[in-house]
Every structure is written in C-alpha cells, then in structure tokens.
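Examining the three-dimensional arrangement
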Amino acid sequence: MGRVTSAISRLLSLVYPSKCVCCGELLDKDDEVFCRTCYDRYENAKQEICSRCLQPRCRCTCPSFSLGKAGLRRLVKLYKYQPSEGDLPENRILFALKQRHLQSVFNFIARDLAEAIEDALTPKEKATAILVPCPRSDRAKAKNGYDHMERLSVAISREIDFPVSLSLRRARGGRMQKKLSAEERRTNVENRFFVTQPEDLAGKTVLLLDDLTTSGATLLECRRVVKAAGAARVIPCVIAVSGRDFVIRPRKTRKKGKSYKKKRPTAGTQSAPRPIR
Ligand SMILES: [Zn+2]
Ligand SMILES: [Zn+2]
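Residues numbered from 1 in each chain as written. Chains lettered and ligands numbered in written order. Predicted model: local features only at pLDDT ≥ 70, side-chain atom pairs only at ≥ 80, totals over all residues.

Within strand β5 (residues 205–213), seven of the nine residues are buried, which leaves it mostly tucked inside the rest of the structure. Bridge count for β5 against strand β6 (residues 233–241) is eight bridges, and the pairing is parallel. The residue bridging leucine 208 from the neighbouring strand is proline 236, located in β6. (Buried ≥ 20, exposed ≤ 12 C-beta atoms within 10 Å, placed from the backbone. Helix = DSSP H or I, 4+ residues; strand = E, 2+ residues; numbered from the N terminus. Pairing = 2+ DSSP bridges.)

The strands making up a sheet associate through hydrogen bonds between their backbones, and the pairing can be parallel or antiparallel. Pairing is parallel in the open sheet, where four strands are placed in the order β1-β6-β5-β2. Since the sheet does not close on itself, it has two edges, and those belong to β1 (79–80) and β2 (129–133), each with one partner. Examined bridge by bridge, β2 and β5 share five bridges and lie parallel to one another. Following the sheet pairing, alanine 129 is matched in β5 by threonine 205.

The next subject is helix α5 (residues 103–120). Across its 18 residues, α5 extends 26 Å between first and last C-alpha, which sits within 8% of the 26 Å expected from 1.5 Å per residue. Here α5 has its buried residues at Val105, Phe106, Phe108, Ile109, Ala110, Leu113, Ala114, Ala116 and Ile117. Where the residues of α5 are buried, they touch α4 (89–99), α8 (148–160), β5 and β6. (Expected span 1.5 Å × (residues − 1). Contact = placed C-beta atoms within 7 Å.)

Inspection of the secondary structure puts alanine 202 in the loop between α10 (198–201) and β5. The exposed category is assigned to alanine 202, around which 11 C-beta atoms lie within 10 Å. As a C-alpha pair, alanine 202 and glycine 230 span 28 residues in sequence and 4.3 Å in three-dimensional space. Leave out the neighbours within four places in its chain, and alanine 202 touches Ala229 and Gly230.

By the element assignment, arginine 111 lies in helix α5. Residues arginine 111 and glutamate 159 lie 48 residues apart in sequence; the distance between their C-alpha atoms is 6.5 Å.

Another point: unusual backbone geometry. The general pattern is negative phi for most residues beyond glycine and trans for most peptide bonds. Phi is positive for leucine 54, close to 65 degrees, though the residue is something other than glycine. Relative to the helices and strands, leucine 54 is located in the loop between α2 (36–47) and α3 (65–69). We classify leucine 54 as exposed; it has 8 C-beta atoms within 10 Å. With a phi close to 65 degrees, aspartate 161 is a non-glycine residue in the positive phi region.

Let us look at the nonpolar core. Within the largest apolar cluster, 66 residues are counted, with the highest numbers of intra-cluster contacts made by Ile109, Leu113, Leu207, Leu208 and Val226. Secondary structure elements with two or more residues in this core: α2, α4, α5, β2, α8, β5, α11 (217–228) and β6. Considering each element in turn, this core owes the most residues, nine residues, to α5. What leucine 208 contacts, discounting residues up to four positions off in sequence, is Val132, Cys134, Leu219, Cys222, Arg223, Val226, Val234, Ile235, Pro236 and Cys237. (Core = buried A, V, L, I, M, F, W, Y, C linked by C-beta atoms within 7 Å.)

That's the geometry; what it means functionally is another story.
This is how it looks when you write it as structure tokens:
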C-alpha cells in the first residue's frame, strides 16, 4: 500500500509542484505554483504601468520598442522581463515552463495569457482566431524533451476554445538566439521558418505565440511567413517582453554652432503690454 501511495505522490508531483517554483518554499494546499509572497510579486509585475498607454502591462497591447519601430501595432503580453534579476518570480516561471514538466505551470500561464488575449481581440477577430506557436529549434526540443510553446498553446486552447495549428515549422540549423547581437539574431532566423499547411492559416487571425521577445527578430520573421501563407492578420502574444517601451521622444533639431540662447525682446519684437483689468 505504501508503495502505491508513494507512486501516486510521485506521479502527482509531476503535475503539481509541492514547492514554490521561485523560492522553493513548501506550498499550501491552495497555492498553485507560487507561495503567497512570490505570487504577490508576480501579480505586481503584471500590474506594472506601461509608460506609453498608462495601462497595466497585462492589459496593454503596446509593442516593444524594436517591434514598434518595425511597424507592429499590437503585442499581447503579461509583463516585462528583467534580465539582470534572474530570481524574480516572473523570470523563474519562464525557466520552469522550459525545463520542468509541470502541467500546473502551463495551466497557470495559459489562464493569464488567455485572459489577456480575450481582452485584446475584437469579436470579429475572435471568430477567426487560431493559435500558432513559434516553433523551437530541434536542439532546444531535444534538450528539454518537449516544445514548451506547443504545450502552452494547447493549454490556452482549453481556456478560450481557439484551435491550435502546428503548421509553422522551423528548419534545422541556426544558432541560439540568446547569445547573438540584434543584427545577428535577424540574419540567424531569416528564411528559417516555413508553413506546411497554408490552408490552416488563410484568412485567419493568427495569434503568434512565443515566450519572450527581446529583439523581436523571431516574431517578425514568423509574422512575415504566416502573412505570406495568407493570414488575414497576425497578432504576436508573448509571456514577457524585454527592452524599452515604444515611446517616441521628439528629436532635437539643434544645428551645430548655432546659438539658441533666448533672445531678449527688443522694442520691435516686444509684445504689447497686457491691459490691466
Ligand atoms: Zn515562493
Ligand atoms: Zn501600453
């Protein structure tokens, strides 16, 4: 009997973590993937205000700076990724999604992302919506034993009832994006993606799913390929976005050597004195 119980608990631990995926503290029975403290910190990251639209990150659809500059108007996301602080709950859960086979982590993120997608789409877009994960490289799949974005797409589909298409594929080869510069990332993904069944995507609102966007190179290349396959519109959806907000500051139009000192009003330029009332 004891052996059966321990086998069941081992099996359950594959689905539900017993410890917080961030700090490793033992979870209470109501906790899903985070302890109470880490959950609050994760929620705070989602509620952080976007400096462009002044909405919480998980509700705003502003593109990141690199995507906005490339002409993209909408990006669904949950929070901003802080690369220098690996121990934050929002960073640790991305790691858990990739490396640990925990279905509860997929369900947890899927619920949040499904909510953000529901909010961002118009009824017309929802009617033709289809979930398309950006495919991992063969090397990444072999390393982790699964494609985490494929699994996440299936989990999101259970929440919002949009179909999933796996017809966007990735050719073999290429280097790890993580270690490359922005320009190298762009050439590394160029012509690396293809669509196996264009009829899946023709006329559809494609929700292009990825975990994290930094330079935007992968999303932009996938978007180009999906559009060429006949998609009506492509809306990238990510868990986290890295880099600055898409806020355009006015350019300074100063010319070199020219003095811009405020001129003192002379008799000719002086404005008429205000009438005293
Ligand atoms: Zn914790
Ligand atoms: Zn915004």
